[in-house]
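Descriptive structure summary
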Amino acid sequence: MQIKADTPEQYINKLPDERKLAIRKLRKTILSNLPKGFVETITYGMIGYVVPYSIYPNGYHCDPKLPLPFMSIASQKNFVAVYHMGIYVDNNLMKWFTREYPKYCTTKLDMGKSCIRFKKPEQIPYELISELSGKISPEQRIKIYETKIKQKK
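Attention now goes to the environment of Glu139. Within the fold, Glu139 resides in helix H6 (residues 138-149). Given the relative accessible area of 51%, Glu139 is considered exposed. Between the C-alpha atom of Glu139 and that of Pro35, which follows or precedes it by 104 residues, the distance is 10.0 Å.

As C-alpha cells, this is what we get:
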C-alpha cells in the first residue's frame, strides 16, 4: 500500500485513524534515537531515514538518484512495517534483535529480510525499536553497505 505524500506529516495524515497513532509513535521513537547524520524523508512511498548525499554522494546502487536507505516505516495493507537495512546484512544485529524480541513481545516474530511486521499496532515494541534505531551510525551504515552489498553488485 504505497501512499503518495511529500512529507512524513502528509503521509501520516493520509492513514486510516487506527494506524496514525502507531506510525506517529514509531516516527517519534526513531527520531529520538537515530544517530546524528541520518535524514528523514519520503522514499519508496514510506517514511524513510537515509544517509544524505552530503555524507554519501554516491546514493543507492539500485537507484543512484535516491540517497542510501537505512530505515523506513510504513502502513501496509495488513500490517505496520519497520524496515531496517542493518538487520538485513549484519548477522550480529539480527541475532541481537531476535534474542531481544521475546523480552518485549508475546507474539511470534513476523519478519522478512529487512521487514519487521506488526499485524496489530498495539503489539509494536517501541522500546525495542528505540534501541534498534540507535545501533548503527551513518558511517557504519556506509561501511556495511560498501563491504556487504555494493561489492556483490
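When you tally the buried positions in strand E2 (residues 46-51), you get six out of six residues, the bulk of the element. The two faces of E2 match: Met46, Gly48 and Val50 on one face and Ile47, Tyr49 and Val51 on the other face are all buried. In this structure, strand E1 (residues 39-43) lies alongside E2, joined through five bridges in antiparallel fashion. Across the sheet, the residue bridging to Val39 is Val50, located in E2. In this antiparallel pair of consecutive strands, E1 and E2, the connection spans two residues, and Tyr44 shows a positive phi of 55 degrees. By the bridge criterion, five bridges tie E2 to strand E3 (residues 68-75) in an arrangement that is antiparallel. When the sheet's bridge partners are listed, Ile47 is paired in E3 with Ile73.

Within helix H5 (residues 126-133), six of the eight residues are buried, which leaves the element mostly enclosed by the surrounding structure. All of the buried residues in H5 are Tyr126, Leu128, Ile129, Ser130, Leu132 and Ser133. Residues of H5 that are buried in the fold lie against helix H2 (17-33), E3, strand E4 (80-84), helix H3 (85-89), helix H4 (91-104) and strand E5 (115-118).

It is worth spelling out the pattern of salt bridges at this point. Summed over all chains, the structure comprises seven salt bridges. A salt bridge links Glu40 to Arg27, with the nearest nitrogen and oxygen atoms 2.8 Å apart. With Glu40 in strand E1 and Arg27 in helix H2, this residue pair connects regions lying 13 residues apart in the sequence. For Arg27, a relative accessible area of 18% gives the class buried. Two residues, Glu100 and Lys103, come together in a salt bridge whose shortest N-O distance is 2.9 Å.

Rules behind the numbers
Every chain is numbered independently, its residues counted from 1 as its sequence is written. For a predicted model such as this one, the threshold for reporting local features is a pLDDT of at least 70, and the threshold for listing and counting side-chain atom pairs is 80 or more; totals across whole chains, interfaces and linings nevertheless cover every residue. Calculation of side-chain values draws on the structure's entire complement of heavy atoms; hydrogens and water are dropped beforehand. Helix numbering and strand numbering both begin at the N terminus, where a helix is a DSSP run of H or I of at least 4 residues and a strand a DSSP run of E of at least 2. Relative accessible area decides the class of each residue, using a 1.4 Å probe on protein chains only: under 20% of the type maximum gives buried, over 50% gives exposed, and in between gives partly exposed. Whether two strands pair comes down to DSSP finding at least two bridges between them. Note on contacts: a residue pair qualifies if any of its non-hydrogen atoms lie within 4.5 Å across the two residues. Whenever a carboxyl oxygen of Asp or Glu lies within 4 Å of a side-chain nitrogen of Lys or Arg, that contact is scored as a salt bridge.

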